Amino acid sequence: MQATAYTYDPETRSGQVLLDDGTPLPFDAAAFDAGGLRLLRPGQRVRIETEAAGEAEGAEGASGGRRITLVTLQTF
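Predicted model, so just to flag it, every value in this text is computed and none were measured.

Caption draft 1: Fine view of the side chain of Q74. Mapped onto the elements, Q74 comes out in the segment after β5 (66-73). If we ignore the near neighbours within four places in the chain, the residues touching Q74 are Q2, R45, V46 and R47.

Caption draft 2: Quick look at the sheet that holds strand β3 (residues 24-27). Spatial strand order, β3-β2-β1-β4-β5: five strands in an open sheet with antiparallel pairing. Pairing within the sheet leaves two strands with one partner each, and these edge strands are β3 and β5. Sheet twist, expressed as the mean angle between neighbouring strand axes with direction ignored, is 45 degrees. Bridge count between strand β4 (residues 45-52) and β5: seven bridges; the pairing is antiparallel. Bridging from a neighbouring strand, V46 pairs with L73 of β5.

Caption draft 3: Region of the structure containing the pattern of salt bridges. Summed over the entire model, instances satisfying the criterion amount to five salt bridges. Residue R13 is joined to D33 by a salt bridge in which the shortest nitrogen-to-oxygen separation is 2.8 Å. With R13 in the loop between β1 (2-9) and β2 (14-19) and D33 in helix α1 (residues 29-34), the pair connects residues that are 20 residues apart, well separated along the chain. The class of D33 is partly exposed, set by a relative accessible area of 40%. The partner of D28 in a salt bridge is R67, with the nearest N and O atoms 3.8 Å apart. Of this pair, D28 sits in the loop between β3 and α1 while R67 is found in strand β5, placing the two residues 39 residues apart along the sequence. A network of salt bridges, in which partner residues are shared, links D28, E51 and R67.

Cut-offs used in this document
Residues numbered from 1 in each chain as written. Predicted model: local features only at pLDDT ≥ 70, side-chain atom pairs only at ≥ 80, totals over all residues. Heavy atoms only, no water. Helix = DSSP H or I, 4+ residues; strand = E, 2+ residues; numbered from the N terminus. Contact = heavy atoms within 4.5 Å. Pairing = 2+ DSSP bridges. Axes fitted to C-alpha atoms, helices over the stretch in contact; angles between N-to-C directions. Salt bridge = Lys/Arg side-chain N within 4 Å of Asp/Glu carboxyl O. Buried < 20%, exposed > 50% of the residue type's maximum accessible area, 1.4 Å probe, protein only.

Geometric descriptors of this kind do not, in isolation, establish any biological role.
So, in structure tokens, the structure goes:
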């Protein structure tokens, strides 16, 4: 799924993306690290992978019941 980087905190390596319908969806450091990125700038198009919030141990209240498991740059 594609999204747009909305916020990113380099200290915590977490932030939010905006889905194409405008819905913000947070990601944590584990999702950021899984993508192999070093930096993310607001406005960058990214590819994300999600799972239902209940599928992962310790998943907490992600928007729409989804949790981001991977954030990486969108490549064509």
